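# Summary of structural features
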Amino acid sequence: MNLAVFVVRRVARLVLSLIAVSIIAFSLLQLAPGSFADISNLAAEESSTVTAEMQQRYGEEVPVWQQYLGFMKGALTWDMGPSYKYTGQNVEDIIATSFPVSATLAVVAVIIALCIAIPVGVFSALRQNTPWDYGSMFAVTIWHSLPPYLVGTFLMLLLSGTWHVLPSRGWSGPENMIMPVIALALGPAAVMTRYVRSSVLETLREEYVTAAFAKGGARRLVIRRYVLRNSLIPLVTVAGPVLANLMTGTVFIEWIFGIPGLGQYFTDAAASRDMPLLMGTTLFFAVILMVTNLVVDLLYGFLDPRIRATAGAR
């Protein structure tokens, strides 16, 4: 099975999954009391333009199926209409301005997590069942058990409230990223450290590694050339979903540190029942998660031909 068929199948699954998510999300929002347009009338009385457009898109005289198709058409053409929570802004404009903030936080956090996980995981695996191994795994367990909002609150109290070395809130410069990124990176770093350690240990038991040592290969050379290269490829399958989860899961951290990311808009939309913004952000989050998983599948299939062969045989 060639790579083209592999890609087409993955893309087809993504499209079907997105349609299913959009139908479920729209149906659940429809079950809430009141129509989209009625809620907008209460929330945006001062804006007759917004009210008129909401009535045209989601008024009671518009059938539900037509509302759904209209929203999906707007999503495809990047015209999802106005938000009545944030008067004067369209949903697509809010997503376009806030998502880069959330994505920056997530990407930097994953890079920091990888910089911690790879050396610590390899170090721990090469010293298996030693005090170094036990100590590093104990630290990893602690990292993993601490929720990001607790780490963020502790850092804010220590670095902003007590030592006054970093700003507690806002998004005006690199100094605003330090505490949120640390809070977001510790959990993924713990997960990936365990993954790297297990992968290295598994690779060390492979016959070709044993043969390389038996032929007199230098330990450092064998580990760098044969062990690390093969051990780190599976890390792609972990780093991708972690990145997607962070992009869509920075809600509490953005709220704690006053960061104008997409997560904060999502919570505001849910609290104020801003249905167009809630539906738009939900669909956008689904797209990010699925596209990231698709990229991981393609990348992993490209790196390991056995995956393509297995997928193609189904």
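In the nomenclature of an unreviewed UniProt entry, the chain corresponds to ABC transporter permease from the organism Ruania alkalisoli. According to its UniProt record, the chain has this under Sequence similarities (unreviewed entry): "Belongs to the binding-protein-dependent transport system permease family."

Under the criterion given, the structure shown has six aromatic pairs. Arranged with centres 5.5 Å apart and planes meeting at 65°, the rings of F26 and Y68 form a pair that is edge-to-face. Of this pair, F26 sits in helix α1 (residues 3-31) while Y68 sits in helix α4 (residues 64-76), placing them 42 residues apart in sequence. The burial state of F26 is the same as that of Y68; both residues are buried.

Here the UniProt-annotated "transmembrane region" (unreviewed entry) positions come out as residues 105-126, 146-166, 178-196, 232-257 and 277-300. In residues 105-126, helix accounts for 100% and strand for 0%; the two terminal C-alpha atoms are 32 Å from one another. Spanning residues 146-166, this segment combines 71% helix with 0% strand, and its end C-alpha atoms are found 22 Å apart.

The N-to-C vectors of helix α5 (residues 91-126) and helix α13 (residues 262-272) enclose an angle of 130°; their axes lie 7 Å apart at closest approach. By the angle between their axes, α5 is oblique relative to α13. The segment α5 lies against α13, with I94, I95, S98, F99 and S102 engaging L262, G263 and Y265. Here the residues of the contact of α5 with α13 are counted per class, giving five nonpolar, three polar and no charged.

Criteria and thresholds
- Residues numbered from 1 in each chain as written.
- Predicted model: local features only at pLDDT ≥ 70, side-chain atom pairs only at ≥ 80, totals over all residues.
- Heavy atoms only, no water.
- UniProt positions renumbered as here; feature names shortened; annotations may be inferred.
- Phe/Tyr/Trp six-rings, centres within 6.5 Å; stacked < 30°, edge-to-face > 60°.
- Helix = DSSP H or I, 4+ residues; strand = E, 2+ residues; numbered from the N terminus.
- Buried < 20%, exposed > 50% of the residue type's maximum accessible area, 1.4 Å probe, protein only.
- Axes fitted to C-alpha atoms, helices over the stretch in contact; angles between N-to-C directions.
- Parallel < 35°, antiparallel > 145°, perpendicular 65-115°, else oblique.
- Contact = heavy atoms within 4.5 Å.
- Nonpolar A, V, L, I, M, F, W, Y, C, P; charged D, E, K, R; others polar.

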